[in-house]
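Results of the structural survey
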Amino acid sequence: GATEMSAYNAWNVTKASYCNVFSDIRGFFNAAWRWIVLFLAFSILGGFFAGLLDLPILSSASAIIWIVASIAFAVDWQKKILLESTPGKLRFGAVEWRYLGLYILFILALTLPTYLLSILSNKVTDASTQSEVATVTVIIVLFFFALAILLYRFVLIFPATAIKNKEMTLKLSWESTREHG
């Protein structure tokens, strides 16, 4: 339940993930190889046909395949770490769709405010000096990093989603990472 998930703080989950990769590299590749092969095959074929047929859309499709493969692998890997399960089949089901939705939400939450701030700064810096432009650039970079750290407080929602724990909410993730954010 939620109490079991909240016992994992964000830093420990991240550390466990990296430790798990390097302590069980065979298990890592066992979980990842299907997605790596799919991505490489699609990238090679997509690149070949994009050039041959002059279809740049195939390069965009390759990026989408990468995202799908990354999400499916992340779900599999987090199940392996948290539930000590064996990596599953090549699949993209309801859990992966929910994970993808959260992923998109996080990307938008991270990039949209930064993008809007940069548009605003362009308006401000059009008639500004070089030092003012540098100052605004530093502010944007610091804002981006502060936002990234802030969003990290919600990171527990991802492993909870992977193991189908719907009790973990963004609010509970925020509260559980209070001392770690």
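To be clear, the structure that these remarks concern was listed above.
Anyway, here's the lowdown on the structure attached to this text. Note that the coordinates shown come from a computational prediction; the quantities given were computed from them, not determined experimentally.

**Focus: the nonpolar core**
Of all hydrophobic cores here, the largest spans 18 residues; its most connected members are V75, Y99, F106, L151, I157, F158 and M168. Those elements that provide at least two residues to this core are α4 (57–83), α5 (94–125), α6 (130–152) and α7 (157–162). Sort the elements by how many residues they give to this core and α5 lands first, with six residues. Residues in contact with L151, not counting those within four places in the same chain, are F106, A109 and L110. Core analysis: the second largest hydrophobic core is formed by 10 residues, A32, A69, A72 and L82 among them.

**Quick notes on the packing of aromatic side chains**
One pass over the structure, following the stated rule, counts six aromatic pairs. With a centroid separation of 4.9 Å and an interplanar angle of 65°, the aromatic rings of F106 and F158 are classed as edge-to-face. On the criterion of sequence distance, the pair formed by F106 in helix α5 and F158 in helix α7 is long-range, its members being 52 residues apart. Overall, F158 belongs to the buried group, its relative accessible area being 10%.

The rules behind each value
- Residues numbered from 1 in each chain as written.
- Predicted model: local features only at pLDDT ≥ 70, side-chain atom pairs only at ≥ 80, totals over all residues.
- Heavy atoms only, no water.
- Core = buried A, V, L, I, M, F, W, Y, C linked by side-chain atoms within 4.5 Å.
- Buried < 20%, exposed > 50% of the residue type's maximum accessible area, 1.4 Å probe, protein only.
- Helix = DSSP H or I, 4+ residues; strand = E, 2+ residues; numbered from the N terminus.
- Contact = heavy atoms within 4.5 Å.
- Phe/Tyr/Trp six-rings, centres within 6.5 Å; stacked < 30°, edge-to-face > 60°.

All we've got here are geometric facts, nothing functional implied.
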